[in-house]
Amino acid sequence: MKNPLGALMQQAQKMQENFQKAQEELASTEVHGEAGGGLVKINMNGKKEVLRVSIDDSLLANDRDMLEDLVAAAVNDAVRRVNKLKQEKLSGLTGGLGLDLPGDFKLPF
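Residues numbered from 1 in each chain as written. Predicted model: local features only at pLDDT ≥ 70, side-chain atom pairs only at ≥ 80, totals over all residues. Heavy atoms only, no water.

## With respect to the pattern of salt bridges
When the charged atoms of two side chains lie near each other, side chains of opposite charge can form a pair. Scanning all chains against the criterion turns up 4 salt bridges. Here E68 ties to R64 by a salt bridge, and the two come within 2.9 Å at their closest N and O atoms. Within this pair, E68 and its partner R64 are both found in helix α3 (residues 64-91), separated by 4 residues, close to a single helical turn. Judged by relative accessible area, E68 falls into the partly exposed class, the value being 40%. Judged by its relative accessible area of 63%, R64 is exposed. (Salt bridge = Lys/Arg side-chain N within 4 Å of Asp/Glu carboxyl O. Helix = DSSP H or I, 4+ residues; strand = E, 2+ residues; numbered from the N terminus. Buried < 20%, exposed > 50% of the residue type's maximum accessible area, 1.4 Å probe, protein only.)

Structure follows, in structure tokens:
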């Protein structure tokens, strides 16, 4: 019979490698958030860094407050999408140990 502690350590190391790989994949993944039916669009990476902001020309002549609200809503939409992607990506990594990560589990980014 194999050493159970050694097997557990190997499993923990494998899980750590999988988490590292998932973190790298998430960091390079790009998500798209939007508001106002697509009038404001945000591109964000998995580190929650905004890469691009796109604002439809029709909004530029309108109310500034509305435009600011739509930009904030689009950023929040993109953040929710990153969080959902992170949850989906990492949920399968702990399956072998019977662990369930909390929804607010924070990675180094």
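Okay, back to it.
## A few points about the nonpolar core
Ranked by size, the top nonpolar core spans 11 residues in total: V31, A35, V40, I42, M44, L59, L67, L70, A74, A78 and V82. At the level of elements, β1 (30-35), β2 (40-45) and α3 are the ones that each hand at least two residues to this core. Not counting residues within four places of it along the chain, the set of residues in contact with A35 comprises V40, L70, A73 and A74. (Core = buried A, V, L, I, M, F, W, Y, C linked by side-chain atoms within 4.5 Å. Contact = heavy atoms within 4.5 Å.)

## Notes on the pairing of strand β3 (residues 50-55)
Inspection of the sheet shows β2 paired to β3 by 5 bridges, in the antiparallel sense. When the bridges of β3 are listed, K41 appears paired with S54. Counting the residues between successive antiparallel strands, the hairpin from β2 to β3 contains 4 residues, one of them, K48, with a positive phi of roughly 65°. (Pairing = 2+ DSSP bridges.)

## Section: the sheet that holds β2
The antiparallel open sheet is built from 3 strands, whose spatial order is β1-β2-β3. Both edges of this open sheet fall to β1 and β3, since each of them pairs with a single strand only. Geometrically, the sheet is characterised by an average inter-axis angle of 15° between neighbouring strands, direction not taken into account. Contacts between α3 and the sheet are confined to β1, β2 and β3, with β1 contributing the most and set at about 145° to the helix. (Axes fitted to C-alpha atoms, helices over the stretch in contact; angles between N-to-C directions.)

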